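This is what each chain is made of:
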Amino acid sequence: MNGLSGSAASLGLCACHVCNLVSRVRNPRQAAHCPRCGAYLHARKPGSIASCWAFLIAGYILYIPANLLTMMETGSLISYRKDTIMSGVIHLWKTGSWGIAAVVFIASILIPLMKLVSLTVLLISVQRRSTWEPRQRTRLYRMVELVGRWSMLDIYVVTLLAALVQLGALATVKAGPAAVAFGAVVVLTMLASLKFDPRLIWDPLYKERGHERDAH
């Protein structure tokens, strides 16, 4: 903590969220624009915590039907099968496709849940104005952002499952109701990650350091 210098906001500096140009804001109470691209400048993302919570809660709600409802329906002249994500993983495992089963399980169950839990931890710590391990929490957010870039992999799980089913000449494959909830969870977690402002992690440390200086 002793190595921390003053924050950019305390020095009157603000980075544009569009082009990343750092500009000096002379009057923080008045609306300012980026001199390069003209976007509005703000020291922190407006409504970051409230918006992030809204997306997260919606994601948690939709995560349940995404895993409990039917993800894929396959049918032929002699058989008809409905699969949830977990039953599809079990079917792949039992048929010897262990690697594919692991990929589907990680991409469609673990990764969305990891993003939801990680963002929840970050939000709670920010709201509590915690000074606990800010670097580790920043790394956690970066990991969530990195995983978010590959979130569309989850959408392809239905296609992957369909390709692995032994289809007959007159077979049909269609997505079940869980596919809509599943896609919504992916989008909601991406939006929650975008709305979260990682600079809020460091604000309590700068304020605590400012109080220490005042005390001395």
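About the cut-offs
- Residues numbered from 1 in each chain as written.
- Predicted model: local features only at pLDDT ≥ 70, side-chain atom pairs only at ≥ 80, totals over all residues.
- Heavy atoms only, no water.
- Helix = DSSP H or I, 4+ residues; strand = E, 2+ residues; numbered from the N terminus.
- Buried < 20%, exposed > 50% of the residue type's maximum accessible area, 1.4 Å probe, protein only.
- Areas by Shrake-Rupley, 256 points an atom, 1.4 Å probe, with all protein chains shown as cover.
- UniProt positions renumbered as here; feature names shortened; annotations may be inferred.
- Polar contact = N/O pair within 3.5 Å; in protein donor to acceptor, adjacent residues only side chain to side chain.
- Contact = heavy atoms within 4.5 Å.
- Core = buried A, V, L, I, M, F, W, Y, C linked by side-chain atoms within 4.5 Å.
- Expected span 1.5 Å × (residues − 1).
- Salt bridge = Lys/Arg side-chain N within 4 Å of Asp/Glu carboxyl O.
- Phe/Tyr/Trp six-rings, centres within 6.5 Å; stacked < 30°, edge-to-face > 60°.

(A) Spotlight on the overall build of the protein chain. Assigned secondary structure in the protein chain consists of eight helices and seven strands. In the protein chain, which comprises 216 residues, the share counted as buried stands at 37%. Only carbon and sulfur atoms are counted for the fraction: they give 63% of the accessible area of the protein chain, which is about 13,000 Å².

(B) Up close: the UniProt feature "transmembrane region" (unreviewed entry) in the protein chain. Under the UniProt annotation, "transmembrane region" (unreviewed entry) lies at residues 53-78, 98-126, 147-169 and 175-194. Between the first and last C-alpha atoms of residues 98-126 the distance is 40 Å; the span itself is 100% helix and 0% strand. As annotated, residues 175-194 has a helix share of 85% and a strand share of 5%, and its two end C-alpha atoms lie 28 Å apart.

(C) The arrangement of the side chain of aspartate 203 in detail. When you line up the elements, aspartate 203 lands in helix α8 (residues 203-215). Looking at aspartate 203, its side chain comes within polar contact range of the side chain of arginine 44, at 2.6 Å. The contacts of aspartate 203, once residues within four sequence positions are left out, are Arg44 and Arg129.

(D) Quick look at the nonpolar core. In terms of nonpolar packing, the biggest core is built from 24 residues, with Leu56, Leu119, Leu122, Phe196 and Ile201 touching the most fellow members. Secondary structure elements with two or more residues in this core: α1 (48-68), α3 (98-127), α4 (134-148) and α7 (178-195). In terms of residue count, the dominant contributor to this core is α3 (six residues). The residues contacting leucine 119, other than those within four sequence positions of it, are Leu56, Val144, Thr189, Ala192 and Ser193. Cys14, Cys16, Ala32 and Cys34 belong to the second-largest nonpolar core, a separate cluster that totals seven residues.

(E) Looking closely at α1. With 21 residues, α1 should reach 30 Å at 1.5 Å per residue; the first-to-last C-alpha distance of 31 Å fits that figure. Taken together, the buried positions of α1 are occupied by Ser48, Cys52, Leu56, Gly59, Tyr63, Ala66 and Asn67.

(F) Expanded view of the pattern of salt bridges. Within the structure shown, the criterion is met by two salt bridges. A salt bridge links arginine 44 to aspartate 203, with the shortest nitrogen-to-oxygen separation between them at 2.6 Å. Note that arginine 44 is positioned in the loop between β4 (40-41) and α1 and aspartate 203 in helix α8, a separation of 159 residues in sequence. For the salt bridge of arginine 199 with aspartate 197, the shortest nitrogen-to-oxygen distance reads 3.0 Å.

(G) How the structure looks around the packing of aromatic side chains. Using the criterion set out here, one finds two aromatic pairs in the structure. Both rings, one in tryptophan 93 and one in tryptophan 98, keep their centres 6.2 Å apart while their planes meet at 50°; by these two values the pair is tilted. Classification of tryptophan 98 by relative accessible area gives exposed; the value is 52%. When the centroid spacing of 5.4 Å and the interplanar angle of 45° are considered together, the rings of tyrosine 141 and phenylalanine 196 count as tilted. With tyrosine 141 in helix α4 and phenylalanine 196 in the loop between α7 and α8, this residue pair connects regions lying 55 residues apart in the sequence. Relative accessible area serves as the criterion here: at 5%, tyrosine 141 is assigned to the buried category.

(H) Focus on α7. Under the 1.5 Å per step criterion, the end-to-end length of α7 is 26 Å for 18 residues, consistent within 8% with the ideal 26 Å. Buried within α7 are the following residues: Ala178, Ala181, Phe182, Gly183, Val185, Val186, Leu188, Thr189, Ala192 and Ser193.

(I) Up close: unusual backbone geometry. Phi is positive for arginine 129, close to 55°, though the residue is something other than glycine. Tracing the sequence through the fold places arginine 129 in the loop between α3 and α4. For arginine 129, a relative accessible area of 44% corresponds to the partly exposed category. The phi torsion at glutamate 133 lies on the positive side, around 40°, for a residue other than glycine. Looking at the element boundaries, glutamate 133 is found in the loop between α3 and α4.

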